[in-house]
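Take a look at the letters that make up each chain.
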Amino acid sequence: MCEVCGCGHDHSERRRPVPGIGPQVKPVGRLPLARKRAESTGQGDLHYGHGPAGTEVPGLSQQQVIEIGADIMARNDCHAERNRAQFAAMGVLALNLVSSPGSGKTTLLVETIARLRARYPIAVIEGDQQTSNDAERIRATGAPALQINTGKGCHLDAAMVEQALDRLSLPERGVLFIENVGNLVCPAGFDLGEAHKVVVLSVTEGEDKPLKYPDMFAAADVMLLNKVDLLPHLRFDLAACCEHARRVNPAIRILPVSAWSGEGMDAWLDWIAQGLAARAIG
Ligand SMILES: Nc1nc2c(ncn2[C@@H]2O[C@H](COP(=O)(O)OP(=O)(O)OP(=O)(O)O)[C@@H](O)[C@H]2O)c(=O)[nH]1
Ligand SMILES: [Zn+2]
Ligand SMILES: [Zn+2]
């Protein structure tokens, strides 16, 4: 996750000395060159994730990284809880679609909206670093959409979504789709107030992605395995991909789909309908 990676947030106030956890950290740019501590594997490869913080940041102790991360997450979670309360009050099922760039999130949303729009109110929040292309693709379906551009930011956070909700009418007793920035890493760590994270993996990306980017697959309740229309043209081991996803997250629901051909879309729509029904009862 990128809470201390230069993701556009101002972490400067956390760079004051923290009692008991080491010297003052100078602003980035004037830091002495600090070497990161990596563990060496049997092959001599480097692994930076074995400390208690799960990552290394030059010039920061593990404790400082943990404290900065906890601070950012605590703030994010306050906004996420407010978003969640708004969704609950309106009976909205909020789904956070996460994936690497180009897995087919927007295409899937366009096809999903075409099939669901007559049954439920729908709205979409789109996240990208730049352009309103995706929001325009959604608006072309007739569904309301609001684009969030994160600039240099690499994920949506709950405060961004809360601001978007000031400008976008929530679809009462319907579905709010949030398409996150294409990034298979840090969107996993940010609660937006959604009911579920839905990870989209396309078959062109390779069956090893759940093992390489486990946080995302651990955080998701559903994996949409998209572009299965391309399987005849690829060397992609579907069974191995499912096994990798379940090794990371035994409870994950896996739905093979093709936004292109429509294969598997009914199972996806059924899953959404069940989520809406559960929301109505809850
Ligand atoms: N063959 C095939 N192509 C697909 C499918 N779904 C999407 N694509 C193609 O994949 C490309 C990327 O699709 P997008 O929907 O823009 O992907 P995205 O995940 O929204 O991309 P970002 O928002 O940039 O992260 C486009 O060329 C789509 O036409 C599918 O099911 N089958
Ligand atoms: Zn998109
Ligand atoms: Zn990020």
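This text goes with the structure placed above it.
What counts as what
- Residues numbered from 1 in each chain as written.
- Chains lettered and ligands numbered in written order.
- Predicted model: local features only at pLDDT ≥ 70, side-chain atom pairs only at ≥ 80, totals over all residues.
- Heavy atoms only, no water.
- Helix = DSSP H or I, 4+ residues; strand = E, 2+ residues; numbered from the N terminus.
- Buried < 20%, exposed > 50% of the residue type's maximum accessible area, 1.4 Å probe, protein only.
- Contact = heavy atoms within 4.5 Å.
- Areas by Shrake-Rupley, 256 points an atom, 1.4 Å probe, with all protein chains shown as cover.
- Donors = N, O, S within 2.8 Å, 3.2 Å for Na, K, Ca; no water.
- Core = buried A, V, L, I, M, F, W, Y, C linked by side-chain atoms within 4.5 Å.
- Pairing = 2+ DSSP bridges.
- Axes fitted to C-alpha atoms, helices over the stretch in contact; angles between N-to-C directions.
- Salt bridge = Lys/Arg side-chain N within 4 Å of Asp/Glu carboxyl O.
- Near = heavy atom within 4 Å.
- Polar contact = N/O pair within 3.5 Å; in protein donor to acceptor, adjacent residues only side chain to side chain.

Caption draft 1: Looking closely at the overall build of the protein. A count of helices and strands for the protein gives 8 helices and 9 strands. In the protein, which comprises 282 residues, the share counted as buried stands at 46%. Long-range pairs, those at least 24 residues apart, make up 69% of the contacts in the protein between residues at least 6 apart in sequence. As displayed, the protein has an accessible area near 13900 Å², and 51% of this comes from carbon and sulfur atoms.

Caption draft 2: The arrangement of the coordination of the zinc ion (ligand 2) in detail. Distances from the zinc ion (ligand 2) to its protein donors, Thr106 (OG1), Asp134 (OD) and Glu179 (OE), fall within 2.0 to 2.1 Å. Judged by its relative accessible area of 10%, Asp134 is buried.

Caption draft 3: Main features of the nonpolar core. One finds Leu95, Val124, Phe177, Leu224, Trp268, Trp271 and Ile272 to be the most contacted residues of the largest nonpolar core, which totals 29 residues. Contributing elements (two or more residues each) for this core: β3 (93-98), α2 (105-116), β4 (122-128), α3 (133-139), β6 (175-179), β7 (196-202), β8 (222-226) and α8 (265-281). Ranked by residues supplied to this core, first place goes to α8 with 6 residues. In this structure, Trp271 is in contact with Leu95, His196, Val198, Val222, Arg253 and Leu255, ignoring residues within four places of it in sequence. In this structure, Val98, Leu201, Val203 and Ala245 belong to the second largest nonpolar core, which totals 18 residues.

Caption draft 4: Seen up close, the sheet that holds β6. If you walk across this open sheet you meet the 7 strands as β5-β4-β6-β3-β7-β8-β9, and the pairing is parallel. Strands at the two margins of the open sheet, each flanked by one partner only, are β5 (145-149) and β9 (253-256). Geometrically, the sheet is characterised by an average inter-axis angle of 20 degrees between neighbouring strands, direction not taken into account. Set on the sheet, α2 makes contact with β3, β4, β6, β7 and β8; between it and β4 the angle comes to about 175 degrees. Packed onto the sheet, helix α7 (residues 238-248) meets β7, β8 and β9 and runs at close to 160 degrees relative to β8.

Caption draft 5: View of the pattern of salt bridges. Enumeration over the complete set of coordinates arrives at 11 salt bridges. The partner of Lys209 in a salt bridge is Asp208, with the nearest N and O atoms 2.8 Å apart. Across the pair Arg247 and Glu243 runs a salt bridge whose closest N-O atoms are separated by 2.9 Å. Here Arg247 and its partner Glu243 are both found in helix α7, 4 residues apart, which amounts to about one turn of the helix. Linked by salt bridges that have partners in common, Glu81, Arg84 and Asp191 make up one network.

Caption draft 6: Broad picture of the site of ligand 1. For ligand 1, the set of nearby residues contains 19 residues, the closest of which are Lys105, Thr106, Thr107, Asp229 and Ala259. Backbone polar atom of Ala259 to an oxygen atom of ligand 1: 2.9 Å apart, as the coordinates give it. A distance of 3.2 Å is found between an oxygen atom of ligand 1 and a backbone nitrogen or oxygen belonging to Trp260. Out of a free accessible area of 660 Å², ligand 1 has 74% covered by protein chains. When residues of the shell around ligand 1 are traced back to their parent elements, those giving at least two are α2 and α3.

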